[in-house]
Amino acid sequence: MGILEVKGVNKRFGGLQALGDVNLSVEENTVHAIIGPNGAGKSTLLNCFVGKLIPDSGSVMFDGQSVLGRKPYEINQMGISRVFQTPEIFTDLTVLENVMIPCFAKRDGAFRMHAIEHVGSEAAIREQAEQMLDDVSMLDKRHMDASSLSRGDKRRLEMAMCLVQDPKLLLLDEPTAGMARADTNNTIDLLKEIKDKRDITMAIIEHDMHVVFSMAERITVLAQGTPLVEDTPDNIKGHPKVREAYLGEAQV
Amino acid sequence: MEEILQQVINGLDRGSAYALIALGLTLIFGTLGVVNFAHGALFMIGAFVAVLVSDLLGDIRELGSADDFFKLVQVVEDPTQTDFLGRPLSVETSYWVVWFGENFGNWLSDWSVPIAVLISIPIMIFIGWAMERGLIRHFYHRPHADQILVTFGLAIVLGDLIRAMYGANPIQTAMPESLSGPVDLGVFLGYDVGTITYSSWRIVYFFFSMTIIAGVFAFLQFTTFGMVVRAGMADRETVGLLGININKYFTLMFGLAAAVAGVAGVMFAPIQAPSYNLGMEYLVPCFVVVVVGGMGSLPGAVLAGFLLGIVQSFASLPTWKTSLVERLGLDDGNLIANLIIGVDQIAIYLIAIIILLTRPRGLLGRKGVMED
Amino acid sequence: MLGLNKKDFSLLLFVAFLAIAAPFLLNPFPASSSLSFLNAGYPALMQLFAIFAIVLIGFNILFGLTGYLSFGHAAFIGIGSYTAMWMYKLLNFNVIIAIPMAMLVTGIFALLIGWISLRRTGIYFSILTLAFAEMAYRLSYSVLTPITGGETNLSPDPVNDPMVLKSEGGLTVPHLFGFDLNAKTTWEVGSWSFTFEAGYYLCALILIISFYIAIRIFRSPFGMMLRAIKSNNQRMSYTGLNTKPYMLAAFVISGVYAGLAGGLLVAMDAQAGAERMFWTESGTIVIMAILGGVGTLLGPILGAGAIKYMEKILSSISESQLHTWLGILPDWLEDAMVYILANFFVGHAWHLTLGLVFMLVVIFVPGGLVELGQRIGNRFRRKKPDTAPSGETTPAE
């Protein structure tokens, strides 16, 4: 029984079958990659996990509970955090404030009317956020505006914002898209480091095979909205069906 | 049935005005991505072009009025007529009559509003051009809130400029004599004489606006210019990538939208005497129209314009309201009864709220427009 | 102090000083001097400064922090006014009942309107708030006349109104526990004359408290969440926060501020009319916010003061005054200038000037007076060799 169990998920957009009978199981404490050519339905599937889309049929169970019909914030409160293709951070706020907000969300829940307390008096939250920034070696930048960070640092900050909530499942939507090789390698190192330090499950959607094969413990190959194979990286390499799906797309 | 028909027809002229203003708003928003709060002011300026032209042409029925800002009249003291103190009375005669004789001079002033339509087109295109070049252009890359605010400021300035020139009171402008009477529409539909009547000028207004709308759509459909504009409305970035100098098109687009609002205003002047806040008065409902139609959808704007015009006309029909109040058994002083009677005041806002809540993108709106 | 850091506390002290010393600060010219028309230290005008400052402080919590532009805020002022007026009519003239009730009722309306309007964002939200305000205005003018007085403003009628809490021979003007708010004392110092009115000081006190609460909100986790919503709504919901109640709370708080101001208007002058809810009034609130500097603590207060001051001064300048000032010019130029100024910029036409100033601000200094002040300050400082790096970023002042 995996921490994320997807059973028979279907999703149509008008006449287009985006997802057809997807079954997937993500085991706890593994790095599970979902790969596939463009238009295979990877992002659609991910959006079904986080409450942005609701499948037409099927079930998505997280930690024994269904996520379907829940709002994104409720699903986050259940323990799923998400990293976006382009880093989504609070650009008008400082780096430290960016990390404090998820701390508040974790401690106080989806809403709390704390309009009179001073942010500065929340020492525990501040410490927690600073600790996290230290972990991703950004502590010295904590008073900078998030908008002035480099792209790599924005990615780092977004990871910190997700990790500070100590999620059970971290969803990564092409975390290295558009990055130079050096940045990609840094991101891989960062993710590996995170994985080593804590008990966390990761599901990665990725185009870059270098990333996938250097991290993933299990891989699901999606093509035209349906899973082709699910196996270990070694078995995926050179799998005939996968070659077929990627024909001309990328060298596997 | 007759009553319903009569209300539908009654709603048409206001609906036409809404549709024309909303059309221009949508053109500007769809192509330029600018929310133009000064668009009502363009409508108002159009109406004042009608006032100006009819002053210039020596409006024969308005001689001696206080608001003659640019009036071409000859003032002669006529010793044959005297006022109550026995002084000779000054008589005003339009110069056009002096120059071209009674017939042509009077014809000119009688038909001043239709003539004003022709004159207004270059004026409005120029105003639109100046607005886009001088102001709007610098706001393409600023947030929507800034665009709203600066055009709101412009609307105040334009309105008060007109007030400074023409005063705060509405100014009557006459329609041509031959078009001022009523027309018995019921007869054409087989009803008795007098069941459905309508002012002929309003019929003219309706057909006029239909022609303009059709013209704008044809223009967008069949010309290269229109093709670029439509492509720009669908996907601005791509059109920019095609190497087309889109700025030139934007300026023209703005001029066109201004002209549409302007001629709508000119022709509306005889229906509602314009005052400096006519623009503001129509802007608010027209925004509702645009939003109800769906931001960025031209057919949506036209549809919603007529729809809301007709809704407003129905809401002001007393018979159904009184019968509803009676059926509910409410007495005159009752609050609910009062609200039902007064529903014409708020009908379009109620509709707007309902539509926005049930169809978030309006009647014909596309996904993702203005939702940041 | 008071749970504020040093900088915020000095800001609070500054505002308190402005409010308390306003009768002096706004009366710099002796009554007999030719510049005395620039004075603004009259109780009626100072009350408006304070009351609109309160509206703007509240508006800023919504627009400044969350970026949601409400185009119907004046409706809440109107609702507050009507409520306070009905408290006079039904109970008594003590503002200690009228003002809190105005806040409460406005809060309920804000909750309702906000709950519906906040289903949409961007311009759709603006249009919804505008639609509600227009409805409120039109209904108050027409069919709600029994409640609102319609075209003839609503005012108390000591003979026919119930006024159940009014004691025999009790005051029939707004008062605070029997203390007449119109009570004035005047100081004559040389050729200056300073007027102190109880009503103004009530407004000033409430302004200071309102400002203090606003600072607390700005610096609270709640305020931080609102800024985060403005910055990135999507990340907010994927961070496990429900943005809806945060937004609604901000909307209601800002509505209550407007209701408080509406109540205060009626506490100063016992009448309430529908024109307070007209959408140009809402527009003026937006203009004040922009002019002062949206999202800054001090800006909206400055904006409210600046617009109200401009209104008073510009609309009071007469043609003969213009003639005296421009007397040194050749006659033809003088006449032409006076004609243009009198017809287009001052007196009745002052709105034109307001519109122009507003446009110039939006075009050139989007940050309003506060940004202007900072720019001038920077220009000043740059002349001296300043070593302090400007990299230190501080959240909204």
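Residues numbered from 1 in each chain as written. Chains lettered and ligands numbered in written order. Predicted model: local features only at pLDDT ≥ 70, side-chain atom pairs only at ≥ 80, totals over all residues.

Chemist: Give me the interface of chain A and chain C: which residues, what numbers.
Modeler: Contact with chain A, which involves 33 residues of that partner, is made by 26 residues of chain C. When contributions to the side of chain A that touches chain C are tallied by element, the ones reaching two or more residues are helix H2 (72–78) and helix H3 (95–108) of chain A. Among the elements that line the side of chain A that touches chain C, the one with the most residues is H3(A), at five residues. Taken together, the residues of the side of chain A that touches chain C sort by class into 18 nonpolar, eight polar and seven charged. (Contact = placed C-beta atoms within 7 Å. Helix = DSSP H or I, 4+ residues; strand = E, 2+ residues; numbered from the N terminus. Nonpolar A, V, L, I, M, F, W, Y, C, P; charged D, E, K, R; others polar.)

Chemist: Run through the interface of chain C and chain B, naming residues and quoting values.
Modeler: On the side of chain B, 34 residues touch chain C, which itself brings 36 residues to the contact. Elements represented by at least two residues in the side of chain C that touches chain B include exactly helix H5 (122–141), helix H11 (279–292), helix H14 (331–344) and helix H15 (350–364) of chain C. Of the residues forming the side of chain C that touches chain B, the biggest block, 11 residues, is contributed by H5(C). Of the residues contributing to the side of chain C that touches chain B, the split by class is 25 nonpolar, seven polar and four charged.

Chemist: Please give an account of the pairing of strand E7 (residues 169–173) of chain A that cites residues and values.
Modeler: Residues and elements named next belong to chain A. Most of E7 is tucked away, with five of its five residues classed as buried. Side-chain alternation along E7 places Leu169, Leu171 and Asp173 on one buried face and Leu170 and Leu172 on a second face that is also buried. Here strand E6 (residues 80–83) pairs with E7 via four bridges, running parallel. Counterpart to Val83 in the pairing with E7 is Leu172. Pairing of E7 with strand E8 (residues 201–205), which is carried by five bridges, proceeds in the parallel orientation. Bridged to Leu169 within E8 is Thr201. (Buried ≥ 20, exposed ≤ 12 C-beta atoms within 10 Å, placed from the backbone. Pairing = 2+ DSSP bridges.)

Chemist: Can you lay out the sheet that holds E6(A) for me, pointing to particular residues and giving the numbers?
Modeler: Residue and element names in this part refer to chain A. With mixed pairing, six strands are arranged side by side in an open sheet as E6-E7-E8-E3-E9-E10. This sheet does not close on itself; its edge strands, each paired only once, are E6 and strand E10 (226–231). The average angle at which neighbouring strand axes cross in this sheet is 20°, direction not considered. (Axes fitted to C-alpha atoms, helices over the stretch in contact; angles between N-to-C directions.)

Chemist: Give a detailed account of the pairing of E8(A), specifying residues and quantitative values.
Modeler: Residue and element names in this part refer to chain A. In terms of burial, E8 is a largely internal element, five of the five residues being buried. Of the two faces of E8, the one holding Thr201, Ala203 and Ile205 and the one holding Met202 and Ile204 are both buried throughout. Strand direction decides the pairing type here: strand E3 (residues 31–35) and E8, joined by four bridges, are parallel. Of the residues in E8, the one forming a bridge with His32 is Ala203. Once you follow E7 into helix H6 (residues 181–197) and on to E8, the crossover reads as right-handed. (Right-handed = clockwise from strand over helix to strand, strands pointing away.)

Chemist: Summarise the packing of helix H2 (residues 39–56) of chain B against helix H4 (residues 112–134) of chain B; cite the residues concerned and give the values.
Modeler: All names here are of chain B. At their nearest, the axes of H2 and H4 sit 8 Å apart, and the two run at 130° to each other. In terms of their interaxial angle, H2 and H4 are classed as oblique. Along this stretch, H2 crosses H4, giving a crossing that reads as right-handed. In this structure, H2 uses Leu42, Ile45, Gly46, Val49, Ala50, Val53 and Ser54 to contact H4, whose residues at the interface are Ser112, Val113, Ile115, Ala116, Ile119, Ser120, Ile123, Met124 and Ile127. (Parallel < 35°, antiparallel > 145°, perpendicular 65-115°, else oblique. Left-handed = near helix turned anticlockwise from the far one by under 90°.)

Chemist: Can you lay out the sheet that holds strand E2 (residues 16–26) of chain A for me, pointing to particular residues and giving the numbers?
Modeler: Residue and element names in this part refer to chain A. Ordered by their spatial adjacency, four strands build an open sheet running E2-E1-E4-E5, and the pairing between neighbours is antiparallel. With one partner strand each, in any of the chains shown, E2 and strand E5 (65–66) form the two edges of the open sheet. Here strand E4 (residues 57–62) pairs with E5 via two bridges, running antiparallel. Opposite Phe62, over in E5, you have Gln65 as the bridge partner. Against the sheet, helix H1 (residues 42–50) touches strand E1 (4–13), E2 and E4, its axis set at about 60° to E2.

Chemist: With reference to specific residues and values, describe the environment of Val212(A).
Modeler: Residues and elements named next belong to chain A. Here Val212 lies in helix H7 (residues 209–215). Classification of Val212 by C-beta neighbours within 10 Å gives buried; the count is 20. Considered as a pair, Val212 and Ile188 are 24 residues apart in the sequence and their alpha carbons are 9.4 Å apart.

Chemist: Break down helix H12 (residues 299–316) of chain C for me, with residues and values.
Modeler: Look at H12(C): 26 Å from first C-alpha to last across 18 residues, which is about the 26 Å you get at 1.5 Å a residue. Gly299(C), Pro300(C), Ile301(C), Leu302(C), Gly303(C), Ala304(C), Gly305(C), Ile307(C) and Lys308(C) are the residues of H12(C) that are buried. (Expected span 1.5 Å × (residues − 1).)

Chemist: Provide a residue-level description of the domain arrangement of chain A, including the pertinent values.
Modeler: All names here are of chain A. What the domain assignment lists for chain A is domain 1 (1–79 + 167–252) and domain 2 (89–166). Relative to domain 2, the C-alpha centre of domain 1 lies at a distance of 27 Å. At the junction of the two partners, domain 1 supplies 10 residues and domain 2 supplies 10 residues. Those elements that provide at least two residues to the side of domain 1 that touches domain 2 are H2 and H6. Looking at which element gives the most residues to the side of domain 1 that touches domain 2, the answer is H6, with five residues. Its residues placed into classes, the side of domain 1 that touches domain 2 shows six nonpolar, three polar and one charged. (Domains from an automatic or database assignment.)

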